[in-house]
Every structure is written in C-alpha cells, then in structure tokens.
Amino acid sequence: MADPALISLRGITKVYGEDPTAFQALKGIDLDIEKGDFVAVMGPSGSGKSTMMNILGCLDVPSAGAFLFRGVHVENLDRDQRALLRRKYFGFVFQGFNLLARTSALENVELPLLYRGDAKAARRDAAMAALGKVGLADWHHHTPGELSGGQQQRVAIARAIVTNPEVLLADEPTGNLDTERSIEIMELLADLNRTSGVTILMVTHEPEMARFARTIVHFRDGLIDRVETGGAAVAAG
Amino acid sequence: MFGTILLLALRSIRRHVLRSFLTILGIVIGVGAVVTMVTLGKATTAAVQQQIAALGTNILQIRPGQGFGRGGGGPRPKDFDPADITAIEQQIAGVLAVAPQAQSTATAIYEGANWSTTINGTTSAYFQVQPWPLASGRLFTPAEEEAGKSVCIIGSTVERNLFRSAPALGRRFRIGEVSCDVIGTLTSRGQAGFGGDQDDVVIMPIKAVQRRFTGSTDIRMILVGVDEAYSTEQVQSALTNLLRERRRIGGSKEDDFNIFDTKQISETLTGTTTLLTRIVAAVAAISLVVGGIGIMNIMLVSVTERTREIGIRLAIGAVAREVLMQFLVESVVLSCLGGIIGLLLAQVAIAIATPLMQVPWTFDLQINLVAFLISGLIGIVFGYFPARRAASLNPIDALRHE
C-alpha cells in the first residue's frame, strides 16, 4: 500500500429522520476506491446505493464515519467547500440527463467552466474538445429538445468531463435509454476510463451494464454485500 | 466573476423571453407613468410660470368689487374714473406706470371677413406695465391718446382671422360702427392658463373706446407697474388707503375694490400645480411598487420552475453565493430593462401629450435618472427573497424535483 486510495470510506453511516421514525440508509460502509478504477454500484431499491453516491459526490454528508478524498476529510467540509471540491474534481452524469433546456449543447458543456471563471476562448475550445470526445462536435449548436436521448446523455457526459475531473459519478446513466444506446454510452464511459484515466463510479440496475466496470460493489440493506474485483468484463465481452 | 454571473443571467433571460417580458411589464408601466406624470406636471408648472411672467411681474391689478366669489348682494361697486389714475400717478411712491382699461366687444369687418373680438381701451402705459413687444408698427402717440383717435394695435389672432395672409399694418377696417386704422401689430402671447386667448384683442386709445363704445368715462380696471426697488406689498397697501379715501369707505367697512398681485397669483398657481404633480406622481409610484411585487412573484415562480436547473448548477459546483447572485442579477437586469423601456415609452407619451396639453416639451434628466435607479433598486429589493430561496436549495432535492 504505497499509495493511499483516492477515495477511502470508513464506518460511513447515514440516518434520515428523527428517532421514532429514523431510517438508517447506510449502516457502516468501509470501501477504498483506487485512482483510475471503474466501479459499478449495484443493489435493489432502498439498499442505500443512491445515498452512497450522494455522499461520494460530496452532495451529502454522512451521519458518522470518515470520507477521505485525496486525503481530505470531506465530512468536515461545509456546503460551499464541498461545492468547490465538486467544481474542481467531480463530474456528474444523471439518469435524466439534466441538461439546461433551450440551451445549446455547447453552452451546456461550458457551464462548469463558467463557474471556474475560464476565459471565453478557453471555454469554447474545451467545450468543443469535450463534444468531440463524445462524437457530437457537429451538434454543438443544437438544444436538448433537438437531440435524441442518447445524444443528450453524450452531451451530459461531455459536460461532466470538460473540466478533466478526477472522478466521474454516473447515476444510472443508461436508465432512460434503450439497450443499443445504453451499450454505446457504456462503451464511451469505458473508453474515457481507459484513455484519460478518469475514475468512474456508476450506479446501475442492469448487470449487463455493470459488466463494463472493473469492480462491482453489491449493496444490500445499507451494507456492502460483496465486491467483485478484477472483473475486466470489458475484455471478456 | 461578476462578468460570468452577468452572462449567466443574460442567457437565462434570453431563454425565457415571454416570461421575462411579463415580469417587467409592471416596472415598464410604473416607470413610464412616474416619468410621464412628473415631466408633464413640471412642464405645466413651467408653462403657468411662463404665462404669468409674460403678463409681467410686479404688476398690481385693481378692479371694482370684492374679488372672486364674494360681493353677493348690494349694488354693483362703481368703476374708477380718470381722476383716480391721476391720483395714483401723483400720490403713490414706487409706481412706474398706471394703465387704465375700458373694455367692450364688437365685430370687426374687413373686406369679406368678420371676426368678433374684445376691444381694450388703454394708454401707452399699458405697454410699460407689461412686456408685450410689437411685431410691427408703433404705439399710440400722446396726441392720438388725448384726442381719442380711432387707431388700433391688433393681436395676432385678430390679424390672422381678419386679414388672412395680407399685411395688416396701415389698413383700415371697421369695428362696430367705427372705422379704425391699424398702426401696430402685436407678437403672439399664446393661450393664457386662465382667461382664454390673449391674442384675440384690438387695443385702442381709452378715450376712443369710452366715447365710441362704452359711452362713459368709467374705467373697469387699472394696471399698476411697480418699481422693482419697492415691494408690491408696500405699494398695494398705499393704493388701498388711497382708494378707500377716494371712494369714501368708512373705518370698519370692507373694500369695494380688490388689488391682485400677479406674483401672488403666480405663487398660488405654481403651488397648486406642484401639489397636483406630487399627487399624481405618488399614485404612479404605487404602480411602481406593484410592479416590484410582480417581479418578486414571477421570480418566485421561476425559482420553483427552475429548481432542477438550480440543482444542476449546484451539483456542477456553483456555490450558494453564485446562485444567489445569478438570480439577483437576473432580477436587477430585468427591472433595469423594464426601467429603460418605461423611460422610452414615457418619452413617447410626453411627445404626444405636450402638444395636446399645450405645454412645452421638456426632458427632465433628473427624474429619468431617479426613475431608472429606482427600477434597479426594486430589482434588488424584490429579487433578493427569491434569490435567497434559490441559493438555499439542497442540490439532491433540487435534482430530484420534477
């Protein structure tokens, strides 16, 4: 163990609500994620995987336990500090795409750069490059309404990678897509993971999509049930 | 950083053109109304002051009777006589000129045209008391005044209606039963705020009017020009004493004549128009506040409607302050935009209204600036609450919002 893990979780718990009706979504999670890994998080509804992703994405804080990201105790950061952490190190892809409506693909992709305060030319170049990586360079002036679901998710991925993040969090990225489009998106994510070394954490219901990951973490009742490693299902597939 | 937030706000406004327009409608109307009302009010005040200034300042007007609204029963107070004029000229200090006036009406006829007008009998002193330049010709000579010759100086309305485009100077026309030579024409004074068209007049020597029209030596009104070195109040009280004595009014009895100071009239009218301006401006200002509440309403709806968008921004790494600033800047940009449109509409309204109201067109920089700044202020005040609500959203809940 020369290098400490990129993400390290120790005894993470999350409780929603007050005592009589309190619900414990996470009951003590220990997990290390190495830089460059491609992790799929699976489990039935209510198993705590979404709560887990929110904490990993620094959108939420655990009730107890330690969350170290690059050696920083995220559980001790305030709201704005976590926002700045997300801005710098994280990219998000959602099931519902979550693009800004009536806004061109280019403007959607450059949005994170705006918050970083990048100059106009740099923003445009980086956004065009990101759109190129997802194969939509020619569609930059189209608004989400003019794009198919698969294309919208590609724009969302471009928005997530435009800042060259350390970690890409994908919450059921293929949940709203048909099988063919889903596989295209998964191939794109796997390719990004291989070529740029971005660490990907993905929640999915579908074993078929989880195959693309190197590590699969199974959740059950707020605990990690089992971890499959070295799957390298991509190579097998 | 601010440039970025401004850009975000502008993009968001561009995405919602119709909603943005509806948001600012209240401000447009409010700013437009305030600026229009205040500008027209000021123009009216200025016009009234201008007309009174044209009447001349430091003028006292003496008429028989007890002034407006009084003097109900009893015999009509008698007019003044020529001896009163002489007495005033000789006995009151600080009097520059005294102009008697006798009035009548008659129809003037010249070739095919006839025009019913007012005849004003007076002396050259009339033109010393008040500034009213001649457009052409000359004033009465002392000999003409003494003899009561039928010569006349005509106002521009009479000139226009009687002589059309032909030059009036030197022509002879008939007025009532009298033939009269035009020796002078007057410049236009325009509409008086009170008392109608001042240019609809034929001025003749008072003796001519008394002999040919009124049939007596009675004088209906006296205009007294006061030397600027003396106060009008001082001269007014000296005149009152003199006239009470001459008209034999005993110790406790009220005056049977009244003396108007044009300065007082000016102050009264200016005060009235200023008060009216303030009242209508206050009503318009209420519409501006209503416009501000409109902005707040639509911004609140907008925050709810854009909850998911706010969630995306927060997830991407916007800090709360940036979201707050974006919504605040959006609201300020919108309300300032509304302010600008309101100002432009006000200029149009003023351009249309001033000729109808017969007041001079004016552009009041101060009220325009103030109205614009207030529209910006409204954006801040009424935009803050919705912006704070947007900034305080939890990103997870916001992203889940349908």
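Procedures and definitions
Residues numbered from 1 in each chain as written. Chains lettered and ligands numbered in written order. Predicted model: local features only at pLDDT ≥ 70, side-chain atom pairs only at ≥ 80, totals over all residues. Pairing = 2+ DSSP bridges. Helix = DSSP H or I, 4+ residues; strand = E, 2+ residues; numbered from the N terminus. Contact = placed C-beta atoms within 7 Å. Nonpolar A, V, L, I, M, F, W, Y, C, P; charged D, E, K, R; others polar. Domains from an automatic or database assignment.

Overview of the pairing of strand β7 (residues 178-186) of chain B
Residue and element names in this part refer to chain B. As defined by bridge partners, strand β4 (residues 134-137) adjoins β7 across 3 bridges and the pair is classed as antiparallel. Each residue of the ladder has a partner; that of leucine 134, found in β7, is leucine 186. Alignment of strand β5 (residues 151-154) against β7, held across 4 bridges, turns out to be parallel. Note on β7: the bridge partner recorded for isoleucine 153 is glycine 184. For strand β6 (residues 172-175) and β7, the ladder comprises 4 bridges, and the chain directions are antiparallel. Of the residues in β7, the one forming a bridge with arginine 174 is serine 179. Between the end of β6 and the start of β7, which pair antiparallel, lie 2 residues, with glycine 176 showing a positive phi angle near 60°.

A short note on the interface of chain A and chain B
Contact residues are listed per partner, giving 21 residues for chain A and 19 residues for chain B. For the side of chain A that touches chain B, the secondary structure elements donating two or more residues are α2 (79-89) and α3 (105-116) of chain A. With 6 residues, α2(A) is the single largest residue contributor to the side of chain A that touches chain B. Residue composition of the side of chain A that touches chain B, by class: 10 nonpolar, 4 polar and 7 charged.

Regarding the domain arrangement of chain B
Considered domain by domain, chain B is made up of domain 1 (2-51 + 269-400) and domain 2 (78-255). With centres defined by C-alpha atoms, the gap from domain 1 of chain B to domain 2 of chain B works out at 55 Å.

Points about unusual backbone geometry
If you check the backbone angles, A:Arg102 has positive phi at about 50° while not being a glycine. By secondary structure assignment, the location of A:Arg102 is in the loop between β6 (90-93) and α3.

Focus: the sheet that holds strand β2 (residues 23-33) of chain A
Residues and elements named next belong to chain A. The antiparallel open sheet is built from 4 strands, whose spatial order is β2-β1-β4-β5. Across the chains shown, the open sheet's two edge strands, defined by having one partner strand only, are β2 and β5 (72-73). Across 5 bridges, strand β1 (residues 7-16) lies against strand β4 (residues 64-69) in antiparallel orientation. Bridge pairing links arginine 10 to alanine 66 in β4.

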